[in-house]
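Geometric and topological summary
One letter stands for each residue in the lines below.
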Amino acid sequence: MGNKADVLVIGAGIVGSACAFTLQQQGYQVTLIDEKSPGSGVTAAGMGHLVALDESEDELNLCLYALSLWQDFVREHPGVGDYSQCGTLWVAENEEQLAEAERRAERLNHHHWRAGLVNSDQLRRLEPCLRSGLAGGVRVSGDAVIYPPAVAHYLAGLLQKAGGQCRFGLPVMALHDEGVLLSDGSVIQAAQIVIAAGTGVSRLLPDFRIFPRKGHLAITDRYPGRLQHQVVSMNYGQAAMTADALTVAANVQPRPTGQWLIGSCRQDGQTDTTLDSRALSGVLRSATELLPCLADMRIVRAWAGMRPASPDGHPVIGQHPVQPGIWIAAGHEGLGVTTAFATAHLLAAQMCGKPPALDMLPYDPSRFFDKEKLQYA
């Protein structure tokens, strides 16, 4: 196995694997490196939603570009990752949330991502398991769910079939003048390095604050046919953080197995993935308030994971401002799966000197640096 490549990609999660395969397609000789197997880190711990989020215009543009690339991938590789275009049902619990639901529908439809307002009765017809008395919501038919570890593994296989290489099982200890230093003392040389190591980015690049944001998930036994859409509270992304840095909002996905995947929460200031019974209880309670039948379902597993977050909530995609040859693809938090292919294509365009499909200013790594001192601000 060679110890030289045009590009090294550190991190074989969904983002890193997408970057590696895309760069190989652009004509680079790529080596993908991870201390674990593909998709077994942050990617394995999260929810596999492919969703158009619109907390800002930049976020929505990134999601919609990404979703179009996902549609291309699914057409070319049917069956990979149990893709299911179940759509998202955003549920409004009161009139204030319903007004925001109307604004969401307007924004999505303006961008030609079909979203239909539904009233309380229509909501119950779409999902009979929802509790009565809800105000209404928005049905976004193009959203989907997928099993991301399988996609990351598949992309690593495509990389190798295209002539790229994979080095799994050895952690990267440090960046080296000529490449990277692995834990066995070997050096892999490359002119360009993409760091897509999730929460491990800051270990390799101490001047970048990509910090872990903890989340809790649970999955039920199999109850096929009882849930058709991904059901998400309109409070998702808007819930107030408690004094102990915890936010909770219901997000429940139907998996192709008939299981229900239950989230979600955000918890700052955590350093490990030990289950927090209070946080998990909050997640289950929030979901059960929307879908009361969950109280009678059997939970077969619960776990916690860490999302890689950036200080301003936007991903970091681009070249390091002071280290030539170092590129960053990180900080996606809960949108890493949705935006993986968009990240890969935007990064590849920059590396190849081509115009990116989107304005890269919101994702430019230099935004965190003092422009005069060239150090992390």
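Shown above is the structure to which this text applies.
The following paragraphs examine the structure supplied in this document. On a predicted model such as this, the values are computed, not experimentally measured, just so you know.

**Describing the overall build of the chain**
Secondary structure assignment for the chain yields nine helices and 20 strands. By its C-alpha atoms, the chain is 60 × 45 × 40 Å across when sized along the principal axes. For the chain, the residues scored as buried account for 55% of the 377 residues in total. Carbon together with sulfur atoms contributes 49% to the accessible area of the chain, which is approximately 15,700 Å² in total. Between the mean site of the 30 positive side-chain charges and the mean site of the 37 negative ones, the chain shows a separation of 5 Å.

**Some words on the sheet that holds strand β14 (residues 246-254)**
Pairing in this open sheet of eight strands is mixed, and the strands run β5-β6-β4-β13-β14-β15-β12-β16 from one edge to the other. The open sheet has two edge strands with one neighbour each: β5 (115-119) and β16 (299-309). The average angle at which neighbouring strand axes cross in this sheet is 20°, direction not considered.

**Focus on the nonpolar core**
If you look at the biggest cluster of nonpolar residues, it comprises 69 residues, and the most contacted ones within it are Leu23, Trp70, Trp90, Leu155 and Val194. Of all the elements, helix α3 (residues 57-76) adds the most residues to this core, at ten residues. The residues contacting Leu155, other than those within four sequence positions of it, are Ile14, Ser17, Ala18, Phe21, Phe73 and Phe341. Within the second largest apolar cluster, 24 residues are counted, among which are Cys129, Ala287, Leu291 and Leu294.

**Re α3**
An α-helix turns once every 3.6 residues. As a result, residues three or four positions apart point the same way. Taking 1.5 Å of rise per residue, 20 residues should cover 28 Å, and α3 covers 29 Å from first to last C-alpha, within 8% of that figure. Among all positions in α3, only Glu59, Leu60, Leu62, Cys63, Leu64, Tyr65, Ala66, Leu67, Leu69, Trp70, Phe73 and Val74 are buried. On the buried face of α3, the contacting elements are α1 (14-25), β3 (49-50), α4 (95-110), α6 (148-161) and α9 (340-352).

**Overview of the packing of α3 against α9**
Relative to each other, α3 and α9 sit at 100°, their axes nearing to 7 Å. Taken as axis vectors, α3 and α9 run roughly perpendicular relative to one another. Between α3 and α9, the contacting residues are Leu62, Tyr65, Ala66, Leu69, Trp70 and Phe73 on the first element and Phe341, Ala342, His345 and Leu346 on the second.

**Side note on the side chain of Asp54**
Along the chain, Asp54 turns up in the loop between β3 and α3. At 2.8 Å, the side chain of Asp54 and the side chain of Arg107 are in polar contact. Dropping the residues within four chain positions of it, Asp54 is found in contact with Glu59, Leu60, Arg104 and Arg107.

**Considering the side chain of Thr88**
Among the structural elements, Thr88 can be located in strand β4 (residues 88-92). Polar contacts involving the side chain of Thr88 include one to the side chain of Gln230, which spans 3.1 Å. For Thr88, the contacting residues outside a window of four places in its chain are Val51, Val138, Arg139, Val140, Asp143, Gln230 and Val232.

**Focus on the pairing of strand β13 (residues 230-233)**
Alternating residues of β13 divide into Gln230 and Val232 and Val231 and Ser233, and every residue in both groups is buried. The pairing of β4 with β13 spans four bridges and is classified as parallel. Note that in β13 the partner of Val91 across the bridge is Ser233.

**Points about the pairing of strand β15 (residues 260-267)**
Burial analysis of β15 places seven of its eight residues in the buried class, which makes it a mostly covered element. By the bridge criterion, three bridges tie strand β12 (residues 211-220) to β15 in an arrangement that is antiparallel. Paired with Lys214 across the bridge in β15 is Gln267. Pairing between β14 and β15: seven bridges, direction antiparallel. Paired with Asn251 across the bridge in β15 is Gly263.

**With respect to α1**
Taking 1.5 Å as the rise per residue, α1 with twelve residues should run 16 Å; its terminal C-alpha atoms sit 17 Å apart, in good agreement. In terms of residue burial, α1 counts as a mostly covered element, since eleven of its twelve residues are buried. Within α1, burial applies to Ile14, Val15, Gly16, Ser17, Ala18, Cys19, Ala20, Phe21, Thr22, Leu23 and Gln24. Among the residues trailing α1, Gly27 stands out with phi positive, at a value near 105°.

**Here we look at the pattern of salt bridges**
Following the criterion strictly, the structure yields twelve salt bridges and no others. A salt bridge links Asp54 to Arg107; its shortest N-O distance comes to 2.8 Å. Here Asp54 is found in the loop between β3 and α3, whereas its partner Arg107 is found in helix α4, with 53 residues between them in sequence. Overall, the relative accessible area of 27% leaves Arg107 in the partly exposed class. Close ionic contact of Glu100 with Arg107 constitutes a salt bridge, the shortest N to O distance being 2.7 Å. It is possible to trace a salt-bridge network through shared partners that takes in Asp54, Glu100, Arg103, Arg104 and Arg107.

Reading guide: rules and limits
- Residues numbered from 1 in each chain as written.
- Predicted model: local features only at pLDDT ≥ 70, side-chain atom pairs only at ≥ 80, totals over all residues.
- Heavy atoms only, no water.
- Helix = DSSP H or I, 4+ residues; strand = E, 2+ residues; numbered from the N terminus.
- Buried < 20%, exposed > 50% of the residue type's maximum accessible area, 1.4 Å probe, protein only.
- Areas by Shrake-Rupley, 256 points an atom, 1.4 Å probe, with all protein chains shown as cover.
- Lys, Arg positive; Asp, Glu negative; His and termini not counted.
- Charge placed at Lys NZ, Arg CZ, Asp CG, Glu CD.
- Pairing = 2+ DSSP bridges.
- Axes fitted to C-alpha atoms, helices over the stretch in contact; angles between N-to-C directions.
- Core = buried A, V, L, I, M, F, W, Y, C linked by side-chain atoms within 4.5 Å.
- Contact = heavy atoms within 4.5 Å.
- Expected span 1.5 Å × (residues − 1).
- Parallel < 35°, antiparallel > 145°, perpendicular 65-115°, else oblique.
- Polar contact = N/O pair within 3.5 Å; in protein donor to acceptor, adjacent residues only side chain to side chain.
- Salt bridge = Lys/Arg side-chain N within 4 Å of Asp/Glu carboxyl O.

Keep in mind these numbers describe shape, not what the thing actually does.
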